[in-house]
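# An overview of the molecular structure
Now for the letters of each chain:
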Amino acid sequence: MPVPFIMPKFDMDQEKATIISWSKKEGDFVKFDESVLTVETEKVAIDVPAPASGTLAGIRFKDGDVVPVTKVIAYILKEGETFADLPKADLLPAPSKPEITPVSQPVPVPQTASVNATPIAIRMAKEEGVNLSKVPASGDRVTREDVERFIANQKTIGRVTVPATPSARRVARESGIALEMVAGSGPRGRVQSADVLATVKSVPSPAVTNEREAEVIPLTSIRRTIAERMQQSFQESPHIALTVDVDMTEAENARKRFNLQAEKMGQPRITITALIIKVVAWALVRNPYINASFHGDSILLWKDVNIGVATAVPQGLVVPILKCVDHLGIGEINLHLIELADKARDNKLRLEDVQGGTFTISNLGMFGIRQFRAVINPPESAILAVGSVVRRPIVVDDQDRVEVRPMLSLTLSADHRVIDGIVAARFLADLVAGLESPAMLLY
Amino acid sequence: MPEISYLEAIRQALWQEMKRDERVFLLGEDIGRYGGAFGLTHGMLDEFGPERVRETPISEATIVATAIGASLLGMRPVAEIMFMDFILLSLDQLANQAAKMHFMFGGRTTVPMVVRMPGGSGSGAASQHSQSLESVLMHFPGLKVVNPSTPYDAKGLMLASLRDPNPVCFVEHKILYKTKGEVPEGDYTIPIGVAEIKRPGRDITVVANNIMVMKTLNVAQKLSKEGIEVEIIDPRTLLPLDTKTIIDSVKRTGRLLVVHEACQTGGWAGEVIASVVGSPAFDYVDAPVRRLGGKDIPIPYNRGLEIFAIPQETDIEQEIRALVGGTV
């Protein structure tokens, strides 16, 4: 028996994955555990390893197809097995490009003069309503035998191309949906009535698209996830936002000293983000309610401080996570950050790189954004929006002395179910203290 | 309403009808002094005398043949077959004569007789005393096959059977004899050929007869706590079968499971399923339609194997979960 190659389930709540690309093709030899294709889940792109060694055969889905988990996507033929050993149903074309052959009502087709056929074949085709141009010739012209064989084949081609329950067929008929368009959630891809109803709902009514012209961008799974999670966050958690200004003079000085050290150790320069992450981690330890999740009838204060950094990628936004940041030095944070950003850019993030965050930092400073409010990344309870460092005049002492200082705006969005204004304010005050005099972190 | 057993409900029906209609009489093996193998006719000999509670030799063919003759001459006999398994001995009389006479004589004669027979396993009575042969009887047009699951249905259907103009096979279940339920003391009938929805539900239709109704009710109660609502239909009469009630139900739930104790192969579940998939309900079926029958083996004497041979609550639960959960 060929080994079925199923779409694996990477995550507890994962239902489907999109095939990004096959790195092996039909007939290739694959080794056990060797990467065969890349798929994209709602969170990350993942390489899928071969479940066994053998010949890849019967690939059922192409690049870009969305496949429910546990569905057979191909088979691995073991030694001695051939394509003939594949389960029959799986040799049918993939459901995304079905071939429907009407067999019940042959419509008389005008014969084209260009078809080279014997007179008897032409007469027979006419009588049987067969389109001669569709009949393959065994020799240099279509013969009676060819037409007979063609008719016999037509009679054995199954009428059913999509497995579906009778109820699903009725609902599809009533709502004018082609069953081929519907992804079946039943066993072996069987379409059930609920699947058809879901498709009916998701198909936009033509009236809307016809009235005004627009380029239609289908949602990628990453876009869909962002949409769902942001909407959920904004609907479920009452956001409050508090802003502080930070004088970054000392932080800049500290960064200069760190960079000297980094240079000595042959390490990359410390970014302002790395410095902020370090101080945030320190402040989170002092303010456990900011590092928390709302959990029905309780609040979870997380033991670990896992800080996510919102990172723009071509497909949208990902939030790779730095784990246990409170135990890391700024050099390590900086290195991890660069590593994660590279992975994100190359679409190489693994599931563990994006899971388990307890707090998120979003930095738009590099675009000159002075100040903004971010939407909390559930199930976290707060997110810090970091603006740009701008040199501007401020009053620096009680003598009303004005100096030009590098100033930074930080805005904390917090879930009021967990975090009261005063709790958020204390956290921000700690951040200010840590950034304005980094030596405080030693205290 | 008084609570009495399934067995008492049948006795009450016989007793009351014998009081009401002097044409009704009983015949069978050991039904007089001994009161019947299960005690169903206990006390009836003393009440009605040997003319109306007639002991017979051990010959089922004779019992049924005598009943036919008596009914043709205007009596309303009730024959007891001690164990349903023995009905096979009288099948020529029942199937070739009783079932056909009304038709052979152009409707000018009727054969108003009831043949009672307890079927089913669960009493450790082994292969020749434990069968559920109701599917066999369903193959003879002219017979009616009545199969109650509760004391209430048993009395009402017995009274209806006693008043029916043609032969009724009244299939009882040994294990149900002791089950209790509310039964009106007075006279009432339940029409033959009408199913009852024993429990309404939206997720799946389960058609079950006699003891399987109880088992399915227990399963349904358990699954209801998880939000799975099972609709249970008790046909009550297997021939004629009330397919309309079943078809209407499947149109609502989209799923069908048929459960019976009779051996699966050739069992009446196939009849129900064929009726449904060939009906307009076909377009509402949203999962494979399935049956759960007894295993195709002679009922074993060994207690553990006897349990194994017929559907238990865990089997029914598993089937329902598979159909509702979409894993089959």
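Residues numbered from 1 in each chain as written. Chains lettered and ligands numbered in written order. Predicted model: local features only at pLDDT ≥ 70, side-chain atom pairs only at ≥ 80, totals over all residues.

## Points about the overall build of chain A
Looking only at helices and strands, one finds 11 helices and 19 strands in chain A. Counting contacts in chain A only where the partners sit at least 6 residues apart, residues at least 24 apart contribute 59% of the total. (Helix = DSSP H or I, 4+ residues; strand = E, 2+ residues; numbered from the N terminus. Contact = placed C-beta atoms within 7 Å.)

## Considerations on the overall build of chain B
Looking only at helices and strands, one finds 11 helices and 14 strands in chain B. For chain B, buried positions account for 51% of its 328 residues. Across chain B, the fraction of contacts at a sequence separation of at least 24, relative to all contacts at a separation of at least 6, is 79%. (Buried ≥ 20, exposed ≤ 12 C-beta atoms within 10 Å, placed from the backbone.)

## Here we look at the interface of chain A and chain B
Taken together, the 9 residues of chain A in the interface contact 10 residues of chain B. Residue contributions to the side of chain A that touches chain B peak at 4 residues, all from helix α3 (residues 166-175) of chain A. Of the residues contributing to the side of chain A that touches chain B, the split by class is 3 nonpolar, 5 polar and 1 charged. (Nonpolar A, V, L, I, M, F, W, Y, C, P; charged D, E, K, R; others polar.)

## Here we look at the sheet that holds strand β4 (residues 76-80) of chain B
Residues and elements named next belong to chain B. Ordered in space as β3-β2-β4-β5-β7-β6-β12, the 7 strands form an open sheet in which the pairing is mixed. The outermost strands of the open sheet, each flanked by one partner alone, are β3 (53-55) and β12 (237-239). In this sheet, neighbouring strand axes are inclined to one another by 25 degrees on average, regardless of whether the strands run parallel or antiparallel. This element, helix α3 (residues 60-72), spans β2 (24-28), β4 and β5 (114-119) of the sheet and lies at about 170 degrees to β4. (Pairing = 2+ DSSP bridges. Axes fitted to C-alpha atoms, helices over the stretch in contact; angles between N-to-C directions.)

## Quick notes on the confidence of the model for chain B
The predicted coordinates ought not to be read in detail in places where the model reports low pLDDT. Looking at chain B as a whole, the pLDDT averages 96, with 100% of positions reaching at least 70. Both scores are available for the predicted complex, with the pTM at 0.54 and the ipTM at 0.72. (pLDDT = per-residue confidence, 0-100.)

## Points about unusual backbone geometry
Here the residue pair P378 of chain A and P379 of chain A is connected by a cis peptide bond, since its omega of 10 degrees sits within 30 degrees of zero. With respect to the element layout, P379 of chain A can be found in the loop between β16 (359-363) and β17 (382-386). A positive phi is found at T70 of chain A, a non-glycine position, where the angle reads about 75 degrees. Among the secondary structure elements, T70 of chain A is positioned in the loop between β7 (66-68) and β8 (72-77). Backbone geometry places N210 of chain B, a non-glycine residue, at a positive phi of 20 degrees. One can find N210 of chain B in helix α7 (residues 210-224).

## Some details on the sheet that holds strand β5 (residues 45-49) of chain A
Residues and elements named next belong to chain A. Spatially, 4 strands are ordered β5-β4-β2-β7 in an open sheet, and the strand pairing comes out antiparallel. A strand with exactly one partner marks an edge of an open sheet, and here the two such strands are β5 and β7. Neighbour-to-neighbour, the strand axes of this sheet turn through a mean angle of 45 degrees, independent of strand direction.

## Topic: the nonpolar core
If you look at the biggest cluster of nonpolar residues, it comprises 99 residues, and the most contacted ones within it are V115, C169 and I320 of chain B. Among the domains, domain 1 (3-182) and domain 2 (196-325) of chain B are the pair contributing at least three residues each to this core. Counting residues in each nonpolar core, the second largest holds 77 residues, with V44, M248, A251 and A344 of chain A among its members. (Core = buried A, V, L, I, M, F, W, Y, C linked by C-beta atoms within 7 Å. Domains from an automatic or database assignment.)

## Notes on the packing of α3 of chain A against helix α4 (residues 193-202) of chain A
Residue and element names in this part refer to chain A. Where α3 contacts α4, the axes come no closer than 7 Å and their chain directions differ by 25 degrees. When the axis of α3 is compared with that of α4, the two are roughly parallel. Contacts between α3 and α4 involve S167, A168, V171, A172 and S175 from the former and S193, D195, V196, L197 and V200 from the latter. Tallied by class, residues from the contact of α3 with α4 come to 6 nonpolar, 3 polar and 1 charged. (Parallel < 35°, antiparallel > 145°, perpendicular 65-115°, else oblique.)

## Re the packing of α3 of chain B against helix α4 (residues 91-104) of chain B
Residue and element names in this part refer to chain B. Running from N to C, α3 and α4 point in directions that differ by 15 degrees, and their axes come no closer than 9 Å. Taken together, the axes of α3 and α4 are roughly parallel relative to one another. Along this stretch, α3 crosses α4, giving a crossing that reads as right-handed. Contact with α3, carried on its side by A61, V64, A65 and I68, involves Q93, L94, Q97 and A98 of α4 and no other residues of that element. Each residue belonging to the contact of α3 with α4 can be placed in one class, and the counts come to 6 nonpolar, 2 polar and no charged. (Left-handed = near helix turned anticlockwise from the far one by under 90°.)

## Considerations on helix α11 (residues 313-325) of chain B
All names here are of chain B. Taking 1.5 Å of rise per residue, 13 residues should cover 18 Å, and α11 covers 18 Å from first to last C-alpha, within 8% of that figure. Where α11 is concerned, the buried positions are I316, E319, I320, L323 and V324. Buried residues of α11, viewed axially, fall in a sector of 120 degrees; they line one side. Opposite the buried face of α11, by more than 90 degrees, sit the exposed residues T314 and G325. Next to the buried residues of α11 lie β10 (204-208), α7, β11 (230-234), β13 (256-263) and β14 (290-294). Just past α11, the residue G326 takes up positive phi, approximately 70 degrees. (Expected span 1.5 Å × (residues − 1). Arc of directions from axis to C-beta.)

## A few points about helix α9 (residues 268-277) of chain B
Every buried residue of α9 of chain B is listed here: W268, A269, V272 and V276 of chain B. All buried residues of α9 of chain B fall inside an arc of 115 degrees around its axis, so they share one side.

## Some words on the environment of V250 of chain B
Residues and elements named next belong to chain B. Structurally, the position occupied by V250 is in helix α8 (residues 243-253). Classification of V250 as buried rests on a count of 30 C-beta atoms within 10 Å. In this structure the C-alpha to C-alpha distance between V250 and D203, which are 47 residues apart in sequence, comes to 9.5 Å. Residues within four places of V250 in sequence aside, it is in contact with T205, L256, V276, A281, Y284 and V285.

## As for the environment of E128 of chain A
Take E128 of chain A: it is sitting in helix α1 (residues 119-128). C-alpha separation for the pair E128 of chain A and I151 of chain A, spaced 23 residues apart in sequence, amounts to 8.3 Å.

## A look at the environment of Q192 of chain A
Inspection of the secondary structure assignment puts Q192 of chain A in the loop between α3 and α4. For the pair formed by Q192 of chain A and R169 of chain A, sequence separation is 23 residues and the distance between their alpha carbons is 8.4 Å. Among residues more than four places away in sequence, those in contact with Q192 of chain A are T165, A168, G184, S185 and G186 of chain A together with D286 and G326 of chain B.

## A closer look at the confidence of the model for chain A
Residue and element names in this part refer to chain A. Per-residue pLDDT for chain A averages 85, and the proportion of residues at 70 or more is 90%. The lowest-confidence element of chain A is helix α5 (residues 206-211), averaging 52 in pLDDT; the highest-confidence one is β17, averaging 97. Every residue in residues 90-113 scores below 50 in pLDDT, and together they form 36 contacts with partners more than four places removed in sequence or on other chains.

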